[in-house]
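# Understanding the architecture of this molecule
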Amino acid sequence: MLDINFIRANKERVEQGMLNKGEKDISIVSTVLQKDEEWRALVHKTDTLRSESNAKAKEIGKLMGQGKKDEAQAIIAETSKAKEEIKELEDAVKKVQDEKESLLLRITNVPHPSVPVGFTENDNEVFATWGDPNNEEWRKPHWEITERYGWVDFERGVKVTGAGFPFYVGPVAQLQRALINFFINEAGAAGYTELQAPFFVNEDSARGTGQIPDKEDMMYVIPRDEFFAIPTAEVPVTNFHRDEILSADQLPVKYACHTPCWRREAGSYGKDVRGLNRLHQFDKVELVKIVKPETSYDELESLRAHSEMLLQKLELPYRTLLMCTGDMGFTQSKKYDLEVWSPGQQRWLEVSSCSNFEGFQARRMQLRYRNEENKTEILHTLNGSALALPRVVAALLEAYQEENGKVRVPEVLKPFIGRDYL
RNA sequence: GGAGAGGUGGCUGAGUGGCUGAAAGCGCUCCCCUGCUAAGGGAGUUUACGUGGAAACACGUAACGAGGGUUCGAAUCCCUCCCUCUCCGCCA
């Protein structure tokens, strides 16, 4: 959610931002400003009336105390009329405020000036590439490897739950556990505090990070208890400090959190969902930063660099994309995607997404800090995957396989696995 | 899941219809005093929104778990929900 005062002062910028993100209807910007005018007029009127009515109530109290019942009664007769008027105004204020707020929730975040304007994936900028793709003919896609050894059991996953919920068996289960440990350890070394979070969140949390109202169809719902299964650790971790005022010396706040992630992925099909490419449940280590506004773009760069470093240590070739305006989400102001090279499939797989939300999430969450002038100020939030597991596993199985079919263990994971081959 | 008790400011804790945005204490900030291992004195110390102002700030409104209701007036009375604690049940 944007600051209404910011929209008031930057109407054209907000509208252009929405157009650049591919929104067709920008009239809501004008409408929300109208509603805001209307709302402020109503609030002013209501406050004035309430002020008068409060003064009278006090007067009544005083007279009652002095035992002057008749005089009090006279004023009471007067006030009952004003009371109805206030009630009507309050209802009107509430109505306009709800309208204003729901419009406000539909206005996208404004892209940062450094973000390329464009509407398709072809407009994304290749920000960096690293490593030499090992593209030998004999390399097989990961699903052939896992099938040959029985390392991922999709069929039993279907039997037990449904498509997209596989079992990982033996060496691949062990590999995932090793990766999680490796990622968490690296985050710890970089100053992130490790957090274990709830896997279900309530509606307020889902709204805080922007899954509601924009993307609620992505989440699994537990209706009986009104919970959502988290689509990413971003949701519980960013909401950790919801409705709080942090002190400046706590900042920046940096958390690392490993959780499973659940996504309905309605409408996916074909090669996208083959093997480990796209699942309904997958594990991920997520990094979340809560920072002072003036530092958030530097923090985004270090976040991106951290995720890239993980792929470098795993010696997996990758590229980093700076996402164009139209390929960014509703809530982001700038976003990098990291894509690892899958030599068995001859395609890039997204394994990380590092985003700056500026104050867009923090404003919804009332997440603030006390600045140098002792005033409360909205913080900036960022998050990035470091990293998403199954696709790293997929790329790794394909990149580390040998012609005889054996799969080597990456150097940095040997301490966790204790042998040279899976 | 059943029964009971309770949710007030950074913390402890008063307050059962009006002068309470909230006593008192602790903590914190600033100032004063004092030459001695410390104490004393004074002032300040929630947040959001609105109006005015360049700003400092001033004024107004709202908030005592959340949402509704009663009343001229609610932290205080009524209803619903959420949460915490104690006992019982269940359980890793």
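Residues numbered from 1 in each chain as written. Chains lettered and ligands numbered in written order. Predicted model: local features only at pLDDT ≥ 70, side-chain atom pairs only at ≥ 80, totals over all residues. Heavy atoms only, no water.

### What to know about the protein's contact with RNA strand B
Neighbouring RNA strand B are 21 residues; Asp-47, Ala-57, Arg-370, Lys-375 and Thr-376 lie closest to it. Counting only atoms of RNA strand B within 4 Å of the protein, the sugar-phosphate share comes to 74%. One of the side-chain nitrogen or oxygen atoms of Thr-79 is found 3.5 Å away from a sugar or linking oxygen of RNA strand B. Among the elements that take part in the surface near RNA strand B, helix α3 (residues 27-65) stands out by supplying 11 residues, more than any other. Split by residue class, the surface near RNA strand B holds six nonpolar, six polar and nine charged. (Near = heavy atom within 4 Å. Polar contact = N/O pair within 3.5 Å; in protein donor to acceptor, adjacent residues only side chain to side chain. Helix = DSSP H or I, 4+ residues; strand = E, 2+ residues; numbered from the N terminus. Nonpolar A, V, L, I, M, F, W, Y, C, P; charged D, E, K, R; others polar.)

### Observations concerning the sheet that holds strand β15 (residues 376-378)
Strand order in the open sheet formed by three strands is β8-β14-β15, with mixed pairing between adjacent strands. What marks the edges here is a single partner per strand, and that holds for β8 (245-247) and β15. On average, each strand axis in the sheet is inclined to that of its neighbour by 40°, with strand direction left out of account. (Pairing = 2+ DSSP bridges. Axes fitted to C-alpha atoms, helices over the stretch in contact; angles between N-to-C directions.)

### Regarding unusual backbone geometry
Residue Pro-252 is reached from Leu-251 by a cis peptide bond, and omega for that bond is -5°. Here Pro-252 is to be found in the loop between β8 and β9 (253-262). In the segment running from Ala-386 into Leu-387, the intervening peptide bond is cis, with an omega of 0°. Structurally, Leu-387 is set in strand β16 (residues 380-388). For Glu-315, which is not a glycine, the phi torsion comes out positive at approximately 55°. Following the sequence through the fold, Glu-315 ends up in the loop between α10 (296-313) and β11 (318-322).

### Overview of the packing of α3 against helix α4 (residues 69-104)
Across the interface, α3 lies against α4 with an axial gap of 8 Å and an inter-helix angle of 160°. Between α3 and α4, the angle is such that the two are roughly antiparallel. Considering how the two elements wind past one another, α3 and α4 form a crossing that is left-handed. Considered class by class, the residues forming the contact of α3 with α4 number 19 nonpolar, five polar and 13 charged. (Parallel < 35°, antiparallel > 145°, perpendicular 65-115°, else oblique. Left-handed = near helix turned anticlockwise from the far one by under 90°.)

### Remarks on the packing of aromatic side chains
Applying the stated rule across the entire model yields 10 aromatic pairs. On the basis of an interplanar angle of 70° and a centroid distance of 5.9 Å, the ring pair of Phe-330 and Phe-360 is categorised as edge-to-face. Here Phe-330, found in the loop between β11 and β12 (334-342), pairs with Phe-360, found in helix α11 (residues 360-365); they are 30 residues apart in sequence, far enough to count as distant. Just as Phe-330 is buried, Phe-360 falls in that class too. Lying across the ring of Tyr-192, Lys-254 places its NZ or CZ 4.7 Å from the centre. (Phe/Tyr/Trp six-rings, centres within 6.5 Å; stacked < 30°, edge-to-face > 60°. Buried < 20%, exposed > 50% of the residue type's maximum accessible area, 1.4 Å probe, protein only. Lys NZ or Arg CZ within 6 Å of the ring centre and 35° of its normal.)

### Remarks on α10
With 18 residues, α10 extends 26 Å between its outermost C-alpha atoms, agreeing within 8% with the 26 Å of an ideal straight helix rising 1.5 Å per residue. Within the sequence span of α10, burial applies to Ser-296, Tyr-297, Glu-299, Leu-300, Leu-303, Arg-304, His-306, Ser-307, Glu-308, Leu-310 and Leu-311. A positive backbone phi angle near 55° is found at Glu-315, which sits one or two residues after α10. (Expected span 1.5 Å × (residues − 1).)

### Thoughts on a nonpolar patch on the surface
A cluster of nonpolar side chains, Val-160, Phe-167 and Val-169, forms an exposed patch at the surface whose accessible area comes to about 250 Å². Mapped onto the elements of the fold, Val-169 is located in the loop between β3 (167-168) and α7 (171-189). For Val-169, a relative accessible area of 36% gives the class partly exposed. (Patch = residues over 30% accessible without salt bridge, like charges linked within 9 Å, V, L, I, M, F, W, Y side chains within 5 Å. Areas by Shrake-Rupley, 256 points an atom, 1.4 Å probe, with all protein chains shown as cover. Salt bridge = Lys/Arg side-chain N within 4 Å of Asp/Glu carboxyl O.)

### Notes on the sheet that holds strand β7 (residues 227-229)
Taken together, the three strands give an open sheet; going across it, the order is β5-β7-β6, and neighbouring strands pair in antiparallel fashion. The open sheet is flanked by β5 (200-201) and β6 (221-222), the only strands paired with a single partner.

### Quick look at the pattern of salt bridges
The full count for this structure, using the stated rule, is 27 salt bridges. Between Lys-11 and Glu-15 there is a salt bridge, with its nearest N and O atoms 3.3 Å apart. Linking Lys-11 with Glu-15, this pair stays in helix α2 (residues 11-20), spanning four residues, or about one helical turn. For Arg-207, the salt bridge identified is with Glu-203, shortest N-O distance 2.8 Å. One end of the pair, Arg-207, and the other, Glu-203, are both in helix α8 (residues 203-208), four residues apart, so they sit about a helical turn from each other.

### Quick notes on the packing of α7 against helix α12 (residues 389-399)
Between α7 and α12, the least distance of the axes is 10 Å, while the angle of their chain directions is 115°. Here α7 is positioned roughly perpendicular relative to α12, judged by the angle of their axes. In the packing of α7 onto α12, the handedness of the crossing is right-handed. Listed contacts from α12 to Val-172, Leu-175, Gln-176, Leu-179, Ile-180 and Phe-183 of α7 are Leu-389, Pro-390, Val-392, Val-393, Leu-396 and Leu-397. Here the contact of α7 with α12 is composed, by residue class, of 11 nonpolar, one polar and no charged. (Contact = heavy atoms within 4.5 Å.)

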